[in-house]
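Overview (structure and organization)
One-letter residues, chain by chain:
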Amino acid sequence: MGAAQGLQAAVAERLDSLKSWKVRYWAPVVLGAMMMGDSWDVTIIGYVMPSMRSEWALTTLQVGPIISSGFAGQLVGAIVFGPLAERFGRLSVFSAAVVLMSVFSLVCATAHDPTLFAIVRFIEGIGFGGAAPVCASYVNELAPTATRGRYFSIFQFLMVSGFSGCAIVSAFVIPALGWRAMFVIGAFPALFAPLVLLTLPESPRWLARLGRLDATNRALARLGAPPVNADVNLTLREEAPRIPIAALFARDIRWHTLFTCVLWFLTSLVAYAFSTWTPTLYVDVFHLTLKQSLNFTAWIGVVYGLTPLVFALILDRVGRRPTGIAIALATVAAAIALSVLGRANAAASIWLIGVGWIASGSCFVLLWPYTGEVFPTQMRSTALGLCSAIARAGSMLTPLAVGGVLAATGSISAVFAALAAPAVVVLLLWLFTAKEMARRRLDEPSA
């Protein structure tokens, strides 16, 4: 075990000193472009729903389960694929998840029944839910320590650009070609899979954890790094040990796991309430036309898509925790203001919904690099998988909750009052439980 730990330290030093284009630029760019499909898929249901409601004559209560079906699949995928990546490696498991999500995105485009669509959407969600935490683990494990916040933000800028890309494309494609075309376009991540497998190696950190010196050196060589010259005998393992989710609740880490999971759940609850319901609220509550709704949300998506670029500038300087506190505070302020205004001032509410969407979504964006840093390599994918699954559970409940409140009360104020409460808890968690991870090496004690 000590030898394997020494190998991990040597690998960390080599990755920190690397200046090759493959690590510094290619890896975050190609993986970010590939994972653009995740943010595209999360957002797409909000933009196609007004058209689907019209085509299938859906009621408000029927909309919730259809939206939730994709998130339910993502929950399953996150739980299943995270531990698989600890056992079989990052790249092979990630590639399988990408193929699954792309194929079933095409199948979604062929559905002509809401029940069938929900089933296919669930299966598609399994792929998306599995791909995101595994890819985030891989990117964190390649990132240099000193600029890890900026490095991950480059990846994440492309990853979340699907939000703004979907917003812009939907404004043109849906009126011209219909909602099904959006799912055809959403199958694009599979096109990147061959590029990733041909140009990037398995995670050297993952291989080093297993004590596989030869495989580690081959991976480092593909990245342009010098090999590790071991002066001790290593006990090589043919298989990675199983890392069950229960390992995240061991005595020395259980409370941190609990607080992190609560943070993910409540953040997603609020963020997805804004992102998935905004186009429908604009049409049904504030009486914008479909075109006006799509155009307005397109601009919100563009601004939100710039969040990782802002993070790239500030995360390594300001830190993760102060950034989280600031954007959580903005979310609380927007939710409370919306609960007070309701329908009384439509123009102000329309703009505040945009502010709430951007702020709450930014909280969610920040959780990916933060969580990848605070958990050790041997359980990073499992931890991100669990947290992602918890987030998908929140996302799955959000459409049902928002639809239920609207159907029962008809009050937009009640909806945003309900969202303000979890937003306050998120703010308190960032204030009192979050650890600062800027400029710390992965696996360095962070107490």
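Look a little higher up for the structure.
Residues numbered from 1 in each chain as written. Predicted model: local features only at pLDDT ≥ 70, side-chain atom pairs only at ≥ 80, totals over all residues. Heavy atoms only, no water.

Along the backbone of the protein there are 18 helices and zero strands. A compact globule built from 447 residues would reach a C-alpha radius of gyration of about 22 Å, and the protein, at 21 Å, matches this within 12%. Structurally, the protein occupies a C-alpha span of about 70 × 45 × 35 Å along its principal axes. Here the protein holds 447 residues, and the buried ones make up 61% of them. A separation of at least 24 residues holds for 84% of the contacts in the protein among residues at least 6 apart in sequence. As presented, the protein carries roughly 16,500 Å² of accessible surface, and 69% of it is formed by carbon and sulfur atoms. (Helix = DSSP H or I, 4+ residues; strand = E, 2+ residues; numbered from the N terminus. Rg over C-alpha atoms; globule rule 2.2 N^0.38 Å. Buried < 20%, exposed > 50% of the residue type's maximum accessible area, 1.4 Å probe, protein only. Contact = heavy atoms within 4.5 Å. Areas by Shrake-Rupley, 256 points an atom, 1.4 Å probe, with all protein chains shown as cover.)

It is worth spelling out the packing of aromatic side chains at this point. Under the definition given, this model contains 14 aromatic pairs. Note on phenylalanine 152 and phenylalanine 155: the rings are 5.2 Å apart at their centroids and 70° apart in plane angle, and the pair reads as edge-to-face. Pair noted here: phenylalanine 152 and phenylalanine 155 are both in helix H7 (residues 148–177), with a separation of three residues, about one helical turn. Summarising the aromatic geometry, the rings of tryptophan 255 and phenylalanine 259 are spaced 6.1 Å apart at their centres and angled 35° between planes, so their arrangement reads as tilted. (Phe/Tyr/Trp six-rings, centres within 6.5 Å; stacked < 30°, edge-to-face > 60°.)

The final tally for this structure, using the stated rule, is nine salt bridges. Aspartate 41 is paired through a salt bridge with arginine 121; the nearest N and O atoms lie 2.6 Å apart. Residue aspartate 41 is located in helix H3 (residues 36–56), and its partner arginine 121 is located in helix H6 (residues 114–142); the two are separated by 80 residues in the primary sequence. Here aspartate 41 and arginine 121 have matching classes, each one buried. For the salt bridge of glutamate 141 with arginine 90, the shortest nitrogen-to-oxygen distance reads 2.5 Å. Taken together, the positions of glutamate 141 in helix H6 and arginine 90 in helix H5 (residues 90–108) put the pair 51 residues apart, joining distant regions of the chain. As far as the burial class goes, glutamate 141 and arginine 90 line up, both buried. (Salt bridge = Lys/Arg side-chain N within 4 Å of Asp/Glu carboxyl O.)

Turning our eyes to something else, we now look at the nonpolar core. Of all hydrophobic cores here, the largest spans 133 residues; its most connected members are Leu31, Val48, Met52, Phe94, Phe117 and Trp430. If you tally residues by element for this core, the top one is helix H12 (residues 254–284), at 13 residues. Not counting residues within four places of it along the chain, the set of residues in contact with phenylalanine 94 comprises Leu31, Met34, Met35, Ala131, Val134 and Cys135. Counting residues in hydrophobic clusters, the runner-up holds five residues, among them Trp206, Leu210, Ala215 and Ala219. (Core = buried A, V, L, I, M, F, W, Y, C linked by side-chain atoms within 4.5 Å.)

A few words now on empty space enclosed by the protein. Per the counting criterion, the structure on display carries five cavities of 30 Å³ or more. The computed volume of the largest cavity comes to approximately 100 Å³. The wall of the largest cavity is formed by Asp38, Ser39, Gln156, Met159, Val160, Phe163, Tyr272, Phe364, Val365, Trp368 and Arg392. Where the lining of the largest cavity is concerned, the elements lending two or more residues are H3, H7 and helix H16 (346–374). Top element by residues in the lining of the largest cavity is H7. It accounts for four residues. Considering only residue class, the lining of the largest cavity consists of seven nonpolar, two polar and two charged. Approximately 70 Å³ is the volume attributed to the second largest cavity. If you trace the second largest cavity, you find it lined by Phe163, Ala271, Tyr272, Ser275, Tyr304, Trp357, Gly361 and Phe364. Sorting the residues of the lining of the second largest cavity by element identifies H12 and H16 as the ones contributing at least two each. (1 Å grid on protein atoms, 1.4 Å probe; cavity = no way out; pocket = protein on both sides within 12 Å on 5 of 7 lines; lining within 4 Å. Points joined across faces, edges and corners; volume = space filled by probe spheres on them. Nonpolar A, V, L, I, M, F, W, Y, C, P; charged D, E, K, R; others polar.)

An ideal rise of 1.5 Å per residue puts 30 Å on 21 residues; helix H18 (residues 412–432) measures up with 31 Å between its terminal C-alpha atoms. Taken as a whole, H18 has its buried residues at Ile412, Val415, Phe416, Leu419, Ala420, Pro422, Ala423, Val426, Leu427, Leu429 and Trp430. (Expected span 1.5 Å × (residues − 1).)

Of note, serine 95 is situated in helix H5. Note on serine 95: relative accessible area 9%, which makes it buried. Within the local environment of serine 95, its side chain forms a polar contact with the backbone oxygen of leucine 91, the two atoms lying 2.9 Å apart. (Polar contact = N/O pair within 3.5 Å; in protein donor to acceptor, adjacent residues only side chain to side chain.)

A few words now on the environment of proline 194. If you trace the backbone, proline 194 turns up in helix H9 (residues 193–199). Since its relative accessible area comes to 45%, proline 194 is described here as partly exposed. Here the alpha-carbon distance between proline 194 and serine 95, two residues 99 residues apart in the chain, equals 8.8 Å.

What follows covers the environment of glutamine 156. Relative to the helices and strands, glutamine 156 resides in helix H7. Taking C-alpha positions, glutamine 156 is 8.6 Å from leucine 309, a pair spaced 153 residues apart along the chain. Dropping the residues within four chain positions of it, glutamine 156 is found in contact with Pro308, Val365, Trp368 and Pro369.

Once that is clear, we can look at helix H15 (residues 320–341). With 22 residues, H15 ought to run about 32 Å at 1.5 Å a step, and its terminal C-alpha atoms sit 32 Å apart, in line with that. Taken together, the buried positions of H15 are occupied by Arg320, Thr323, Gly324, Ile325, Ile327, Ala328, Thr331, Val332, Ala334, Ala335, Leu338 and Ser339. Where H15 is buried, its residues meet H7, H12, helix H14 (307–318), H16 and H18.

None of the figures reported here should be taken as evidence of function without further support.
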